[in-house]
Amino acid sequence: MKREEYISDEAVVRRANAAVRIELEKNKALDVPIVVYDRKTQIIYQEENDGTRTELCGRMRKGRYSERIAEKA
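Per chain, the residues get numbers from 1 upward, laid out in the order the sequence is written. Only residues with pLDDT of at least 70 get local features here, since the model is predicted, and only at 80 or more are side-chain atom pairs given and counted; chain-wide, interface and lining totals rely on the full set of residues. The side-chain values count all of the structure's non-hydrogen atoms but skip hydrogen atoms and water molecules.

Turning our eyes to something else, we now look at the environment of Glu 4. Inspection of the secondary structure puts Glu 4 in the segment before helix H1 (9-29). Exposure is judged per residue with a 1.4 Å probe applied to protein chains only, and the accessible area is read against the type maximum: over 50% gives exposed, under 20% gives buried, and values in between give partly exposed. Residue Glu 4 is classed as exposed on the basis of its relative accessible area, which comes to 68%. Each C-alpha atom of the pair Glu 4 and Val 32 lies 41 Å from the other, and the pair is 28 residues apart in sequence. Under the scheme used here, helices are H or I runs from DSSP no shorter than 4 residues and strands are E runs no shorter than 2 residues, and both carry numbers assigned from the N terminus.

Written out as structure tokens, the structure is:
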């Protein structure tokens, strides 16, 4: 494959976002709950189609993997 045949990074991001949006719409149509991560509170929720949220769990670890490994060493 030649370099000219590759798609751009922006196109990859747009396609990934579209795939996620389509999957969420499909789950909503099938009445399947979705799992949402809230970045501010760092809690994972299960969200139903009627808008109710059930807290599943909190974040297990803090920091990046490389930072946690550096602390152990």
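Don't stop here, the text continues.
Once that is clear, we can look at the pattern of salt bridges. A pair is scored as a salt bridge if a Lys or Arg side-chain nitrogen falls within 4 Å of a carboxyl oxygen belonging to Asp or Glu. With the rule as written, the count across this model stands at 2 salt bridges. Across the pair Lys 26 and Glu 23 runs a salt bridge, and its minimum N-O distance is 3.4 Å. Residue Lys 26 and its partner Glu 23 are located together in helix H1, separated by 3 residues, close to a single helical turn. With relative accessibility at 37%, the residue Glu 23 sits in the partly exposed group. Across the pair Arg 53 and Glu 47 runs a salt bridge whose closest N-O atoms are separated by 3.4 Å.

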